[in-house]
Amino acid sequence: MAMKGFLIAIIVAAVAVPAFATDYVVGDNAGWKLGVNYTAWAEGKDFFVGDRLMFMYTPGSHNVLKVDGADFQKCASSNATAKPLTSGNDLITLATPGKKWYICNIADHCPKGMKLVITVSEAEGPAPAPLPGSSAPPPGTSAAGGIFPGPLKYTVWMLAALALSNMVVA
Ligand SMILES: *[C@@H]1O[C@H](CO)[C@@H](O)[C@H](O)[C@H]1NC(C)=O
Ligand SMILES: *[C@@H]1O[C@H](CO)[C@@H](O)[C@H](O)[C@H]1NC(C)=O
Ligand SMILES: [Cu+2]
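Being a predicted model, the structure only gives us computed values, none of them experimental.

Calculation notes
Residues numbered from 1 in each chain as written. Chains lettered and ligands numbered in written order. Predicted model: local features only at pLDDT ≥ 70, side-chain atom pairs only at ≥ 80, totals over all residues. Heavy atoms only, no water. Near = heavy atom within 4 Å. Polar contact = N/O pair within 3.5 Å; in protein donor to acceptor, adjacent residues only side chain to side chain. Areas by Shrake-Rupley, 256 points an atom, 1.4 Å probe, with all protein chains shown as cover. Donors = N, O, S within 2.8 Å, 3.2 Å for Na, K, Ca; no water. Tetrahedral: all angles 85-135°; square planar, octahedral: opposite > 155°, others 65-115°. Helix = DSSP H or I, 4+ residues; strand = E, 2+ residues; numbered from the N terminus. Buried < 20%, exposed > 50% of the residue type's maximum accessible area, 1.4 Å probe, protein only. Pairing = 2+ DSSP bridges.

Student: What exactly am I supposed to notice about the site of ligand 1 here?
Tutor: Taken together, the neighbourhood of ligand 1 is formed by Asn37, Ala40 and Glu43. The side chain of Asn37 places a nitrogen or oxygen atom 2.3 Å from an oxygen atom of ligand 1. Within the side chain of Glu43, one N or O atom sits 3.5 Å away from an oxygen atom of ligand 1. For ligand 1, the accessible surface in isolation is 360 Å², of which the surrounding protein chains cover 31%.

This is the structure in structure tokens:
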């Protein structure tokens, strides 16, 4: 029975997590470049903790620098230790709720519009539908959720993603 519970946990983790974590390619097909209105792009999108932003651009042409609100307005970074992402395929996991500000800090790209501000909300995915037989485990065995409780399922998924990609946590 413990083995069965474990298998159910694996299935639940595999099915449930992608249902509430969304990957956004910033700018969609245009990517991260001059001439795109990223305010318009972000409009109407709801970002949640666990979602990811992908900044796609030709390496060397642009970069991605996380800044605070004041620096976003000025299109400059006052944080001497902050390093821009430069891979051209930059994956940022939205790990905490709140406002997030990103700019390209090459030449005058930011004042020309290469700046993105979003507001990230607490994750609120629909609860996974209970699987038949998983709601009342026999006494003495652990429930599926006991092996991979909600937050841990998420962590397992994140660790797998981390191992596979060039990503940072923002
Ligand atoms: C970008 O889009 C926003 C929202 O649609 C709009 O208010 C703003 O004027 C646009 N900016 C430019 C430079 O077109
Ligand atoms: C400056 O950047 C570093 C590295 O990204 C970051 O850990 C730190 O929180 C930033 N400091 C401020 C005040 O934003
Ligand atoms: Cu740029």
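Student: Could you clarify how one ought to interpret the site of ligand 2 in this entry?
Tutor: Surveying the vicinity of ligand 2 reveals the residues Asn79, Thr81 and Ala82. One of the side-chain N or O atoms of Asn79 is found 2.4 Å from an oxygen atom in ligand 2. Here ligand 2, which alone exposes 360 Å², has 27% of that area covered by the protein.

Student: For this particular structure, what's the right way to read the coordination of the copper ion (ligand 3)?
Tutor: All of the protein donors around the copper ion (ligand 3) are His62 (ND1), Cys104 (SG), His109 (ND1) and Met114 (SD); their distances to the metal are 2.0 to 2.7 Å. Metal-centred angles of 83 to 136° between the four donor atoms at the copper ion (ligand 3) mark the site as irregular. Look at where the donors of the copper ion (ligand 3) fall in the sequence and you get H-x41-C-x4-H-x4-M. With His62 in the loop between strand S3 (52–56) and strand S4 (65–67) and Met114 in the loop between strand S6 (98–103) and strand S7 (115–121), the pair connects residues that are 52 residues apart, well separated along the chain. Since its relative accessible area comes to 10%, His62 is described here as buried.

Student: Whenever I open this one, the pairing of S6 confuses me. Can you help?
Tutor: Within a regular strand, side chains alternate between the sheet's two faces. Bridge analysis of S4 against S6 gives three bridges, and the strand direction is antiparallel. Residue Lys66 lies in a different strand from S6, and its bridge partner there is Tyr102. With six bridges joining them, S6 and S7 adopt antiparallel strand pairing. Note on S7: the bridge partner recorded for Lys100 is Ile118.

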